[in-house]
Amino acid sequence: MSLVIPSWQVETRKKTSAPFALSAGATLLLAFAVPFLVSRGVVQDLFFILTMLVLAQNWNLLAGYAGLISVGQQAFVGFGAYAMFACVILLGVDPLAAVLIAGVLSMLLAIPTAFFTFRLQGPYFAIGTWVIAEVVRLLLAQWKALGGGTGTSLPREAIRDMVGVGLMRDVFGMKASAAGDTLTYWLALVLMVSTIGFVYGLLRSKQGLGLAAVRDNEQAARAVGVNARRMKAFVYLAASFITGIAGALIYVQKARISPDAAFSVIDWTAYVIFIVVIGGIGTVEGPIIGVILFFFLQNLLAGYGSWYLLILGLIGILVMLFAPRGLWGLFSDRTGIQLFPVRRLLRGGSLNRTHKGGPHG
Amino acid sequence: MNWLDTILQGVLLGGLYALFAAGLSLVFGIMRLVNLAHGDLIVLAAFVILALVTTLGVSPFVGALMAAPLMFAAGWALQYFLLNRTLGKDILPPLLVTFGLSIVLQNGLLEGFSADSRRVSAGSLESASIALGPVNAGIMPLMTFLSAVAVIVCLNQLIYRTAVGRAFRATSDDPVTAGLMGIRPQRIFALATGLAMVVVTIAALYLGTRANFEPTSGPARLIYAFEAVIIGGLGSLWGTLAGGVILGVAQTVGAAINPEWQILTGHLAFLLVLLFKPRGLFPRAMD
């Protein structure tokens, strides 16, 4: 007599996974070719969308998965940007290398930052991160070599002689400024793809499962051996690394920095929160939907000054109250479609649905 | 004598920060809600007082007296119709809704009152001062500090000596059981936010007469209020006053060394307290 052991398999694949992967690949190829097909203005718009998406994915990872609600991510955008400026202006480093250094320095900044903010619980963590961002802003505004409170510009030669710009000029016959825009756009694209890859990979890994468990019930997760604090610290450091890189890259393209702009809570946190909330917090797809909607709203309403922000705030409040899982949540609930599935499903074996009770309930 | 004067000014400034913080502390104590729009509500109240003073020609104190019931009603409605919906186990909805509210308030005020710096004139009281031994204290800063003390005494009396206060404490401990005893937590929360808005109006009176303010001044007031609460320790109103004083002294001492350092030294004092006393100097609450 043989005992049949059902062979269970844990899967996250869905029916839509294969077609989605194909179309995502095709879109990416197209996205790389975009600078040859459209005007410089469109490339700059796309650069903006990509970098905002990177910031939104990071904030979503913090707030939607690790339960770390930060309103101080502008600390890392601004610090990354200033670190890049310092490397280029004071040390003469190539801007592209400076972007990477800025990411590492931002992560180093996150260590003492986490030391302070992790002492604050729940809602007070949020304001704590804001205080840290203010402290970093006030300290950098004292740095006279980088223009103090009024800020400074990147030297023109730094962009013109940036690694790759000369090559693109020779190969594609672009002007230096267009080559610079194309290069930063491609880097933003790479950064966006690797950020989504990292976030999605993390969520599908064992650590990601632990993270979801901590989010849903921290005590229960700790009881089964998840080190909640370490997970949160890891996510916080990773998010500050990527946010720092994004900040530095944004300011390579802007080429002009000031403390008020680089540490703007509206530009780097309020917009980002809006993108994540309206798209759907706690999903990888949400920020993608959110950033597209945000871009169209911005173009539609930009002429209305403060009415624009007022309307964004109202939309954010309404979405939070009546559709807390955002637009993607509404869509996903109705259709069951998930483009980045992270839910683990048991496949194979036979589900004995009638069996109830027993030693394991 | 100069240092003594600096420290006195800091202590009196601390009274203003304690007034900012008392409303935040009250709301958090009763419903575990951190209102990220708290600073913007203070600025809103200052604009309401300004509007009353300029249109009716009354003194700022009368203006504040008239603004208080309006702000109470606004706070009651805000809590009853909006914020109560967000309360629950998840801390994300209240934080994000109040953050959205903060942006709505700032930009609404920008539309209504433009970005100009404003000030509520308190007439001759502004420059009046009184000799306290070797140093002089301005009448308005002194009144600010005494008002902070009075507000804290009143709030403590209300919370620990009256039936409403008992309902506050019961709802804070366990809203479900309080509900079984005939208390409606939704109304208690609304009442608490209304009350916090009255404190906010008092804070706004002194904010508006002391210095210039503009529609975007809110977030900085929220941060000072928050720092005063954390330095003092959660759950203790007297601790909040001490926190405000420490913050105020740190700022004036910093400003005396280098005017650019005023805000920074305040933040650094906060971080130092967080480093050595993560639960604040006078903690009372266990959460």
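Remember, it's a predicted structure, so these values are computed and weren't measured experimentally. (Residues numbered from 1 in each chain as written. Chains lettered and ligands numbered in written order. Predicted model: local features only at pLDDT ≥ 70, side-chain atom pairs only at ≥ 80, totals over all residues. Heavy atoms only, no water.)

### Some remarks on the overall build of chain B
Stage number 1. When its secondary structure is counted, chain B shows eleven helices and two strands.
Stage number 2. Relative to the 2.2 N^0.38 estimate, which gives 19 Å for 287 residues, the radius of gyration of chain B is 19 Å and therefore close to what a compact globule would have.
Stage number 3. Each of the 287 residues in chain B was classed as buried or not, and the buried ones make up 54%.
Stage number 4. With an accessible surface of roughly 11800 Å², chain B has 66% of that area assigned to carbon and sulfur atoms.
Stage number 5. Chain B carries 15 positive and 12 negative side-chain charges, and their two centres are separated by 13 Å. (Helix = DSSP H or I, 4+ residues; strand = E, 2+ residues; numbered from the N terminus. Rg over C-alpha atoms; globule rule 2.2 N^0.38 Å. Buried < 20%, exposed > 50% of the residue type's maximum accessible area, 1.4 Å probe, protein only. Areas by Shrake-Rupley, 256 points an atom, 1.4 Å probe, with all protein chains shown as cover. Lys, Arg positive; Asp, Glu negative; His and termini not counted. Charge placed at Lys NZ, Arg CZ, Asp CG, Glu CD.)

### A few points about the nonpolar core
Stage number 1. Within the largest apolar cluster, 213 residues are counted, with the highest numbers of intra-cluster contacts made by Met 52, Trp 59, Met 84, Tyr 124, Tyr 236 and Tyr 251 of chain A together with Phe 226 of chain B.
Stage number 2. If one sorts the elements of this core by residue count, helix α1 (residues 2–31) of chain B sits on top with 16 residues.
Stage number 3. There are two domains that each give this core at least three residues, and those are domain 1 (1–16 + 278–353) and domain 2 (37–263) of chain A. (Core = buried A, V, L, I, M, F, W, Y, C linked by side-chain atoms within 4.5 Å. Domains from an automatic or database assignment.)

### A short note on a nonpolar patch on the surface
Residues and elements named next belong to chain A.
Stage number 1. On the surface, Leu 30, Phe 36, Leu 37, Val 38, Val 42, Leu 167, Val 171 and Phe 172 cluster together to form a nonpolar patch covering roughly 760 Å² of accessible area.
Stage number 2. Secondary-structure elements contributing two or more residues to the nonpolar patch are α1 (17–37) and α7 (165–172).
Stage number 3. Inspection of the secondary structure assignment puts Leu 30 in helix α1. (Patch = residues over 30% accessible without salt bridge, like charges linked within 9 Å, V, L, I, M, F, W, Y side chains within 5 Å. Salt bridge = Lys/Arg side-chain N within 4 Å of Asp/Glu carboxyl O.)

### A closer look at the side chain of Thr 184 of chain A
Stage number 1. In this structure, Thr 184 of chain A sits in helix α8 (residues 176–204).
Stage number 2. Not counting chain neighbours up to four residues away, the residues in contact with Thr 184 of chain A comprise Phe 47, Leu 249, Val 252 and Gln 253 of chain A. (Contact = heavy atoms within 4.5 Å.)

### Some words on helix α6 (residues 163–173) of chain B
All names here are of chain B.
Stage number 1. Listed in full, the buried residues belonging to α6 are Gly 165, Ala 167, Phe 168, Thr 171 and Ser 172. Projection of α6 onto a plane perpendicular to its axis shows the buried side chains occupying an angular sector of 155 degrees, all on one side. Counted as exposed and oriented over 90 degrees from the buried face of α6: Ala 163, Arg 166 and Asp 173.
Stage number 2. As for α6, its buried residues are in contact with α1, α5 (139–161), α7 (175–180) and α8 (185–210). (Arc of directions from axis to C-beta.)

### Some points on unusual backbone geometry
Stage number 1. One non-glycine residue with positive phi stands out, namely Ala 255 of chain A, at about 65 degrees.
Stage number 2. The backbone of Ser 114 of chain B shows a phi angle near 60 degrees, a positive value even though the residue is not glycine.
Stage number 3. Looking at the secondary structure, you find Ser 114 of chain B in the loop between α4 (92–113) and β1 (129–132).
Stage number 4. Given a relative accessible area of 29%, Ser 114 of chain B falls into the partly exposed group.

### Here's the deal with the pattern of salt bridges
All names here are of chain A.
Stage number 1. By the definition in use, this model includes eight salt bridges over all chains.
Stage number 2. As a salt-bridge pair, Arg 40 and Asp 181 come within 2.7 Å of each other at their nearest N and O atoms. Taken together, the positions of Arg 40 in helix α2 (residues 40–65) and Asp 181 in helix α8 put the pair 141 residues apart, joining distant regions of the chain.
Stage number 3. Three or more residues are tied together by salt bridges with common partners; here these are Glu 134, Arg 137 and Asp 260.

### Looking at the pairing of β1 of chain B
Residues and elements named next belong to chain B.
Stage number 1. For β1 and strand β2 (residues 135–138), the ladder comprises four bridges, and the chain directions are antiparallel. Residue Ala 131 lies in a different strand from β2, and its bridge partner there is Asn 136.
Stage number 2. Where β1 folds back on β2, the antiparallel hairpin that results is connected by two residues, among which Gly 133 adopts a positive phi of roughly 60 degrees. (Pairing = 2+ DSSP bridges.)

### Some points on the packing of helix α10 (residues 237–257) of chain B against helix α11 (residues 262–276) of chain B
To characterise two packed helices, one gives the angle between the axes of the helices and the distance between these axes.
Residues and elements named next belong to chain B.
Stage number 1. It is at 7 Å that the axes of α10 and α11 come closest, and there the two elements cross at 140 degrees. Comparing their axes, α11 and α10 come out oblique. In terms of crossing hand, the pair formed by α10 and α11 is right-handed. Residues Leu 247, Ala 250, Gln 251, Gly 254 and Ala 255 of α10 touch α11, and the partners they reach there are Gln 262, Thr 265, Gly 266 and Ala 269.
Stage number 2. Classifying every residue of the contact of α10 with α11 gives four nonpolar, five polar and no charged. (Axes fitted to C-alpha atoms, helices over the stretch in contact; angles between N-to-C directions. Parallel < 35°, antiparallel > 145°, perpendicular 65-115°, else oblique. Left-handed = near helix turned anticlockwise from the far one by under 90°. Nonpolar A, V, L, I, M, F, W, Y, C, P; charged D, E, K, R; others polar.)

### Structural notes on the packing of α1 of chain B against α8 of chain B
Residue and element names in this part refer to chain B.
Stage number 1. Packing of α1 against α8 brings their axes to within 9 Å, and their N-to-C directions diverge by 170 degrees. Between α1 and α8, the angle is such that the two are roughly antiparallel. At the point where α1 passes α8, the crossing takes the left-handed sense. Taken together, the residues of α8 that come into contact with α1 (itself represented by Leu 13, Leu 16, Leu 19, Phe 20, Ala 22, Gly 23, Leu 26, Val 27, Ile 30 and Met 31) are Phe 189, Ala 192, Thr 193, Leu 195, Ala 196, Val 199, Ile 202, Ala 203, Tyr 206, Leu 207 and Arg 210.

### Let's talk about the interface of chain A and chain B
Stage number 1. Tallying the contact residues gives 41 residues for chain A and 41 residues for chain B.
Stage number 2. For the pair chain A and chain B, the interface holds one salt bridge.
Stage number 3. Our count for the chain A to chain B interface comes out at five residue pairs in polar contact (both at pLDDT 80 or more).
Stage number 4. Elements supplying a minimum of two residues to the side of chain A that touches chain B: α2, α4 (95–117), α5 (122–140), α13 (265–279) and α15 (306–322) of chain A.
Stage number 5. For the side of chain A that touches chain B, the leading source of residues is α5 of chain A, giving 13 residues.
Stage number 6. Taken together, the residues of the side of chain A that touches chain B sort by class into 32 nonpolar, five polar and four charged. (Polar contact = N/O pair within 3.5 Å; in protein donor to acceptor, adjacent residues only side chain to side chain.)

### A few points about the domain arrangement of chain A
Interfaces are frequently sized by the accessible area removed from exposure as the parts join.
Residues and elements named next belong to chain A.
Stage number 1. The assigned domain composition of chain A is domain 1 (1–16 + 278–353) and domain 2 (37–263).
Stage number 2. Relative placement of domain 1 and domain 2: their C-alpha centres are 24 Å apart.
Stage number 3. Contacts between the two partners involve 15 residues from domain 1 and, on the opposite side, 19 residues from domain 2.
Stage number 4. Buried area between domain 1 and domain 2, both sides added, is near 1500 Å², and the carbon and sulfur share of it is 71%.
Stage number 5. Across the contact surface, domain 1 and domain 2 share zero salt bridges. (Buried area = accessible area lost by both parts, 1.4 Å probe.)

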